[in-house]
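Here's the letter readout for the chains.
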Amino acid sequence: MLYPTNINKSIATYREFFPNVKINYIESYLDTCSAALLQHPYAIALQPLYTPDGNLPPGLKIRRLYASTLVALTSKQTALQQNLTKLSIQEVLKKELIFFSHSKIEQSALYQGITKYGTPNIVSVIGNQTIFIDTLESGSYFAIGTSRTAQHNENIVAIPITDFNDFFVPVVAIMREDIADSPMIRDFINTILLQLGEPIV
């Protein structure tokens, strides 16, 4: 839900103001990184959350950043050929879907959200963001994601999903409760929000 370009720019901007701060960026799902959040005082997880508390262990706090709208994504050529202006969630699930995941898709909040509506026809799981985008741009495949993907890639279009109850997905920051109000954490979160054009906290 957070486009890699925004994260990279946010980290670069933050380091301009705080050059002595070391930042490690790791992609992982929440259930595998909860322990790291508790062990490392200034660790932050940024991700979509489908449940109010995310089934978090004690000692962690959620800070809502913004709501991301889920859409169907495909190439401009495919959208034109199929004359697509909107799709139902059932129509999307039947399309040849590609899924971006760097681990087991069952751990993905997005996968867990869409499978409530049926079994998606996932034909490929891709763990590299560049290959995922290239595949979506050049083939007749579909994906479920956010409109930001289309905004950052001129050959991809976002198609509204008309009857998808979960099309608004909150993107949150998760951190330890004891450092949640730290100026360092606040400034990093605000740097990300500024890159996304969202109100700062």
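Here the structure is shown first, and the text comes after it.
In this report, we go over the structure that sits alongside the text. Model, not experiment: these values are computed from the prediction.

Cut-offs applied
Residues numbered from 1 in each chain as written. Predicted model: local features only at pLDDT ≥ 70, side-chain atom pairs only at ≥ 80, totals over all residues. Heavy atoms only, no water. Pairing = 2+ DSSP bridges. Helix = DSSP H or I, 4+ residues; strand = E, 2+ residues; numbered from the N terminus. Right-handed = clockwise from strand over helix to strand, strands pointing away. Phe/Tyr/Trp six-rings, centres within 6.5 Å; stacked < 30°, edge-to-face > 60°. Buried < 20%, exposed > 50% of the residue type's maximum accessible area, 1.4 Å probe, protein only. Expected span 1.5 Å × (residues − 1). Polar contact = N/O pair within 3.5 Å; in protein donor to acceptor, adjacent residues only side chain to side chain. Salt bridge = Lys/Arg side-chain N within 4 Å of Asp/Glu carboxyl O. Core = buried A, V, L, I, M, F, W, Y, C linked by side-chain atoms within 4.5 Å. Contact = heavy atoms within 4.5 Å.

As a further point, take the pairing of strand β4 (residues 122-126). Across four bridges, strand β3 (residues 97-100) lies against β4 in parallel orientation. Its bridge partner lying in β4, Phe99 is registered against Val125. Once the chain exits β3 it traverses helix α5 (residues 109-114) before rejoining the sheet at β4, and the crossover so formed is right-handed.

Our focus in this paragraph is the packing of aromatic side chains. To describe a pair of aromatic rings, one takes the distance between the centres and the angle between the planes. Tallying each qualifying case throughout the model produces four aromatic pairs. Ring centres 5.2 Å apart and planes at 90° place the aromatic pair Tyr14 and Phe188 in the edge-to-face group. Linking Tyr14 in helix α1 (residues 4-17) with Phe188 in helix α8 (residues 183-196), this pair joins segments that are 174 residues apart in sequence. Both residues of the pair, Tyr14 and Phe188, count as buried. Measuring from centroid to centroid gives 6.0 Å for Phe99 and Tyr111, while their planes differ by 85°, and the two rings are edge-to-face. Here Tyr111 lies in helix α5 and Phe99 lies in strand β3, a separation of 12 residues in the sequence. Of the two residues examined, Phe99 and Tyr111, each falls in the buried class. An aromatic cluster is defined as three or more aromatic residues linked by ring pairs; in this entry it consists of Tyr14, Phe18 and Phe188.

Right, let's talk about unusual backbone geometry for a bit. Backbone geometry at Asn83 places phi at a positive 50°, although glycine is not the residue there. Mapped onto the fold, Asn83 is located in the loop between α3 (76-81) and α4 (89-94).

This paragraph deals with α8. Here α8 spans 20 Å end to end across 14 residues, near enough to the 20 Å set by a 1.5 Å rise per residue. Within α8, burial applies to Ile185, Phe188, Ile189, Asn190, Thr191, Ile192, Leu193 and Leu196. The N-cap of α8, judged by a side-chain oxygen 3.2 Å from the amide nitrogen of Met184 a few residues on, is Ser182. Of the residues one or two after α8, Gly197 is the one with positive phi, at around 75°.

What follows is about the pattern of salt bridges. Going through the model one piece at a time under the given rule, you end up with three salt bridges. A salt bridge links Arg186 to Asp187; the nearest nitrogen and oxygen atoms lie 3.3 Å apart. Look at Arg186 and you get partly exposed, because its relative accessible area is 36%. Judged by relative accessible area, which is 24%, Asp187 ranks as partly exposed.

A few words on the environment of Arg63. Along the polypeptide, Arg63 turns up in strand β2 (residues 60-75). Of the residues examined, Arg63 reaches a relative accessible area of 15% and is grouped as buried. At a separation of 3.0 Å, a polar atom in the side chain of Arg63 contacts the main-chain carbonyl oxygen of Ala180.

Before going further, it helps to spend a moment on the nonpolar core. Counting 21 residues, the largest nonpolar core has Leu87, Val92, Ile114, Ile159 and Phe164 as the members making the most contacts within it. Those residues within four positions of Ile159 in sequence are excluded, and the remaining contacts are Val71, Ala72, Thr74, Ala79, Leu84, Thr85, Lys86, Leu87 and Phe142. Membership of the second largest hydrophobic core comes to 16 residues, among which are Ile7, Tyr14, Ala180 and Ile192.

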